Amino acid sequence: HLDTQEELETFIENREADLATIGDEMQMANIDLQNTLQRQQQLLQTMSNIGKVLHDTAVAIIRKIG
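Residues numbered from 1 in each chain as written. Predicted model: local features only at pLDDT ≥ 70, side-chain atom pairs only at ≥ 80, totals over all residues. Heavy atoms only, no water.

On to the overall build of the chain. Scanning the chain from terminus to terminus reveals one helix and zero strands. What you see for the chain is a C-alpha radius of gyration of 28 Å, clearly larger than the 11 Å of a compact globule of 66 residues, by over 25%. Projecting the C-alpha coordinates of the chain onto the three principal axes gives extents of approximately 90 × 15 × 5 Å. Within the chain, the fraction of its 66 residues that count as buried is 0%. Here the chain has roughly 6200 Å² of accessible surface; of this, 60% comes from carbon and sulfur atoms. Mean positive and mean negative side-chain charge positions of the chain (5 and 11 charges, respectively) differ by 41 Å. (Helix = DSSP H or I, 4+ residues; strand = E, 2+ residues; numbered from the N terminus. Rg over C-alpha atoms; globule rule 2.2 N^0.38 Å. Buried < 20%, exposed > 50% of the residue type's maximum accessible area, 1.4 Å probe, protein only. Areas by Shrake-Rupley, 256 points an atom, 1.4 Å probe, with all protein chains shown as cover. Lys, Arg positive; Asp, Glu negative; His and termini not counted. Charge placed at Lys NZ, Arg CZ, Asp CG, Glu CD.)

Dropping the structure here:
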């Protein structure tokens, strides 16, 4: 319960500090998410490249047989 102006001001200051902390945490979480998405994209690109090499190799083998 906030009985005085000073208690109210302290309460407001504490909530503002809480909001700033939450903002910082959200920013760090966003950076982590971006890094995760970048790694996922790199993995997908690598898998795609492997698939292309396997396909090209299979086509080359089939052409030599035929």
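Here we take up a nonpolar patch on the surface. Taken together, the side chains of L2, L8, F11 and I12 present a nonpolar region at the surface, about 310 Å² in accessible area. Inspection of the secondary structure puts L8 in helix 1 (residues 5-65). Look at L8 and you get partly exposed, because its relative accessible area is 33%. (Patch = residues over 30% accessible without salt bridge, like charges linked within 9 Å, V, L, I, M, F, W, Y side chains within 5 Å. Salt bridge = Lys/Arg side-chain N within 4 Å of Asp/Glu carboxyl O.)

Note that side chains of opposite charge can pair when their charged atoms are close. Throughout the structure, instances matching the rule amount to two salt bridges. Across the pair R15 and D18 runs a salt bridge whose closest N-O atoms are separated by 3.0 Å. Pair noted here: R15 and D18 are both in helix 1, with a separation of three residues, about one helical turn. When its relative accessible area of 36% is taken as the criterion, R15 is described as partly exposed.

Take a negative patch on the surface next. Together, D3, E6, E7, E9, E13 and E16 make up a region of like negative charge exposed at the surface. According to the relative accessible area criterion, E6 is exposed, its value standing at 60%.

In this structure, L2 sits in the segment before helix 1. Sequence-distant contacts of L2, defined by excluding residues within four places in its chain, comprise E7, L8 and F11. (Contact = heavy atoms within 4.5 Å.)

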